[in-house]
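# Coordinates in review
The lines below spell out each chain.
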Amino acid sequence: MAKLPYIKEYTDQSGQRRRYFRRRGFKGGPLPGKIGSPDFMAAYQAYVESRPAPLVGIKNGAGTFGGLIGQYYTWAEYMNLKPSSKKLYRYALEPLREKYGNKSLASMTRDNLIAIIEKVGERAPGMANLTSAVLQKMLRIAAARKKIHVNPLTEKVVLYKGGTHHTWTDEELAKFEAAWPLGTRQRLAYALLYYTGQRSGDVVRMTRSDIVDGRIKVTQEKTGTTLLLKIHPDLQKALKAGPSLGEYLFTDVNGRPVKRAALSHLMRTAIRKAGLPARCVPHGIRKATLRTMAENGSSAKRMASVSGHKSTKELDRYTAAADQQTLADDGIASIPVRKPKKLSNANKQSV
């Protein structure tokens, strides 16, 4: 089969191969199934003709798991979500709709849904936790709307302990810096992530006009919070070294703006080539920023002013760990060094 144009591919965190239709001036979206399959070609042709892509895995849209997911996308509870949250929810639900869309709702029992979540968890614990959370929310809303008789996930679902991103260590940060010197796109991306403490989706939207009086203005996509962040001297060096073309601070090799996925892909490749372990992912750099701030005496409130967290609950863990280490160091240092004493002849004989 001849290669079809306008198809972009990548492998997601759960190991699934994803394909999207991307064409300048046309509305794009996910391409389901294998290349050349009926579902794939139907969606591809719809995008080419600027029509809405057909829903995948739905037989007359009634009584199937895929049909319920498609309905959920039209409900106010989903439509009222922020754009970034909508993307995240689809990221969790689309693989399920593609694989299990033809299954009847009656077959989506608690045991079967738990099995689906655990299958995801075998490869990606964090993705399994996200899948669980999104499913529970969707099914709770579906039950309230009388679209299903019983919510199979009303009882608590056990989460994976490994479902959080690893916080990069100082040694891992240094190893990446050694592999990618100033003047490379990889080092520029790293510097923007580490020295601003922002998510990839916010980094790719940073422009030169956002920089005023040595500070960069960021309006976070996920929270809507507006931050003014002082440009760190090391970030200034990275920006000066570039390569930085056009209005955006991070671009492709031709100076064009990029999407979050492109930045994440570049960083994942750079991390692998730097010889870092698989636990090191781009989001872990943001966590390393917070860890470093805590270890150098920043309060949770100061850290939140950089990270944009609405609550300091998560940040308290960083400061608590840093405080424990500092206090423990001080405590150990307070124990005086014992000097050996000479024993008297009487004591020597008794010994």
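Attention here is on the structure that accompanies the text. Since the structure is predicted, the reported quantities are computational estimates derived from the model, not experimental observations.

Take the overall build of the protein chain next. Along its length, the protein chain carries 15 helices and six strands. Relative to the compact-globule value of 20 Å for 351 residues, the protein chain shows a C-alpha radius of gyration of 26 Å, a clear excess of over 25%. Counting only C-alpha atoms, the protein chain reaches 100 × 55 × 40 Å along its principal axes. For the protein chain, the proportion of contacts with a sequence separation of at least 24, taken over those separated by at least 6, is 57%. Accessible surface computed for the protein chain: about 20800 Å², of which carbon and sulfur atoms make up 53%. Placing the 61 positive and 28 negative side-chain charges of the protein chain at their respective mean positions leaves the two points 2 Å apart.

Attention now goes to unusual backbone geometry. Geometrically, the link from Gly242 to Pro243 is a cis peptide bond, its omega value of 0 degrees lying close to zero. Here Pro243 shows up in the loop between helix H10 (233-241) and helix H11 (260-273). Even without being glycine, Asp213 reaches a positive phi, approximately 55 degrees. Position of Asp213 among the secondary structure elements: in the loop between strand E4 (211-212) and strand E5 (215-219). The exposed category is assigned to Asp213, whose relative accessible area is 70%.

What follows covers the packing of helix H4 (residues 83-100) against helix H6 (residues 125-144). Viewed as axis vectors pointing N to C, H4 and H6 meet at an angle of 90 degrees, and their least axial separation amounts to 9 Å. Between H4 and H6, the angle is such that the two are roughly perpendicular. Taken together, the residues of H6 that come into contact with H4 (itself represented by Leu88, Tyr89, Tyr91, Ala92, Leu93 and Leu96) are Met127, Leu130, Thr131, Val134, Leu135, Lys137 and Met138.

What follows concerns H4. The end-to-end C-alpha separation of H4 is 25 Å, in line with the 26 Å expected for 18 residues at 1.5 Å each. Maximal helix bending in H4 amounts to about 30 degrees, located at Leu93; proline Pro95 follows within four positions. What H4 keeps buried is the set Ser84, Tyr89, Ala92, Leu93, Glu94, Pro95, Leu96, Arg97 and Tyr100. Packed against the buried residues of H4 are strand E2 (17-21), strand E3 (29-30), helix H2 (65-72), helix H3 (76-79), helix H5 (110-121) and H6.

Here the focus is the environment of Leu188. Relative to the helices and strands, Leu188 resides in helix H8 (residues 185-196). Residues Leu188 and Leu290 lie 102 residues apart in sequence; the distance between their C-alpha atoms is 19 Å. With near-sequence residues (within four places) excluded, Leu188 lies in contact with Ala238, Leu239, Gly242, Pro243, Ser244, Leu249 and Phe250.

To find leftover empty space, one rolls a probe the size of a water molecule over the atoms. Within this model, the second largest pocket holds a volume of roughly 380 Å³. The wall of the second largest pocket is formed by 15 residues, among which Tyr195, His232, Thr289, Met293 and Val306 lie closest to the centre. Breaking the lining of the second largest pocket down by element, the ones donating at least two residues are H8, strand E6 (226-230) and helix H12 (283-295).

What follows concerns the packing of aromatic side chains. Pairs of aromatic rings are described using the distance from one ring centre to the other and the angle between the two planes. Considering all chains together, one arrives at 11 aromatic pairs under this definition. Linked through ring pairs, Trp168, Phe176, Tyr190, Tyr194 and Tyr195 together constitute an aromatic cluster. The ring of Phe26 has Arg23 lying over it, and the distance from NZ or CZ to the ring centre is 4.0 Å.

Once that is clear, we can look at the pattern of salt bridges. Where side chains of opposite charge bring their charged atoms close, a pairing between them can arise. Tallied over the full model, the rule gives 11 salt bridges. Between Arg19 and Glu9 there is a salt bridge; the shortest N-O distance is 2.9 Å. With a gap of 10 residues between them, Arg19 in strand E2 and Glu9 in strand E1 (residues 7-11) connect regions that are remote in the sequence. Assessed through its relative accessible area of 39%, Glu9 is described here as partly exposed. In this structure, the salt-bridge partner of Glu77 is Arg145, at a minimum N-O distance of 3.0 Å. Here Arg145 lies in the loop between H6 and helix H7 (170-179) and Glu77 lies in helix H3, a separation of 68 residues in the sequence. Classification of Arg145 as partly exposed rests on a relative accessible area of 34%. One continuous salt-bridge network, built from bridges that share partners, spans Arg90, Glu94 and Arg97.

A few words now on the environment of Val203. Mapped onto the elements of the fold, Val203 is located in helix H9 (residues 200-203). For the pair formed by Val203 and Arg279, sequence separation is 76 residues and the distance between their alpha carbons is 22 Å.

Right, let's talk about the sheet that holds E3 for a bit. An order of E1-E2-E3 is seen for the three strands of this open sheet, with the pairing classed as antiparallel. Among the strands making up the open sheet, the edge pair consists of E1 and E3. Along the sheet face, helix H1 (residues 38-48) touches E1, E2 and E3 and points at about 30 degrees away from the line of E2.

Within the secondary structure, Ser200 is located in helix H9. Once residues lying within four places of it in the same chain are set aside, the contact partners of Ser200 are Leu193, Arg260, Leu263, Ser264 and Pro282.

Along E6, the buried face is formed by Leu227 and Leu229; none of Thr226, Leu228 and Lys230, which line the opposite face, is buried. Relative to E6, E5 runs antiparallel, the two being bridged by five bridges. Looking across to E6, one finds that Ile216 is bridged to Leu229. The hairpin turn running from E5 into E6, its antiparallel successor, is six residues long, and Gly224 in that turn takes a positive phi close to 80 degrees.

Thresholds applied
Residues numbered from 1 in each chain as written. Predicted model: local features only at pLDDT ≥ 70, side-chain atom pairs only at ≥ 80, totals over all residues. Heavy atoms only, no water. Helix = DSSP H or I, 4+ residues; strand = E, 2+ residues; numbered from the N terminus. Rg over C-alpha atoms; globule rule 2.2 N^0.38 Å. Contact = heavy atoms within 4.5 Å. Areas by Shrake-Rupley, 256 points an atom, 1.4 Å probe, with all protein chains shown as cover. Lys, Arg positive; Asp, Glu negative; His and termini not counted. Charge placed at Lys NZ, Arg CZ, Asp CG, Glu CD. Buried < 20%, exposed > 50% of the residue type's maximum accessible area, 1.4 Å probe, protein only. Axes fitted to C-alpha atoms, helices over the stretch in contact; angles between N-to-C directions. Parallel < 35°, antiparallel > 145°, perpendicular 65-115°, else oblique. Expected span 1.5 Å × (residues − 1). Bend = angle between axes of the 7 residues up to and from the residue. 1 Å grid on protein atoms, 1.4 Å probe; cavity = no way out; pocket = protein on both sides within 12 Å on 5 of 7 lines; lining within 4 Å. Points joined across faces, edges and corners; volume = space filled by probe spheres on them. Phe/Tyr/Trp six-rings, centres within 6.5 Å; stacked < 30°, edge-to-face > 60°. Lys NZ or Arg CZ within 6 Å of the ring centre and 35° of its normal. Salt bridge = Lys/Arg side-chain N within 4 Å of Asp/Glu carboxyl O. Pairing = 2+ DSSP bridges.

Note that every value here comes from positions in space, so none of it alone points to a role or purpose.
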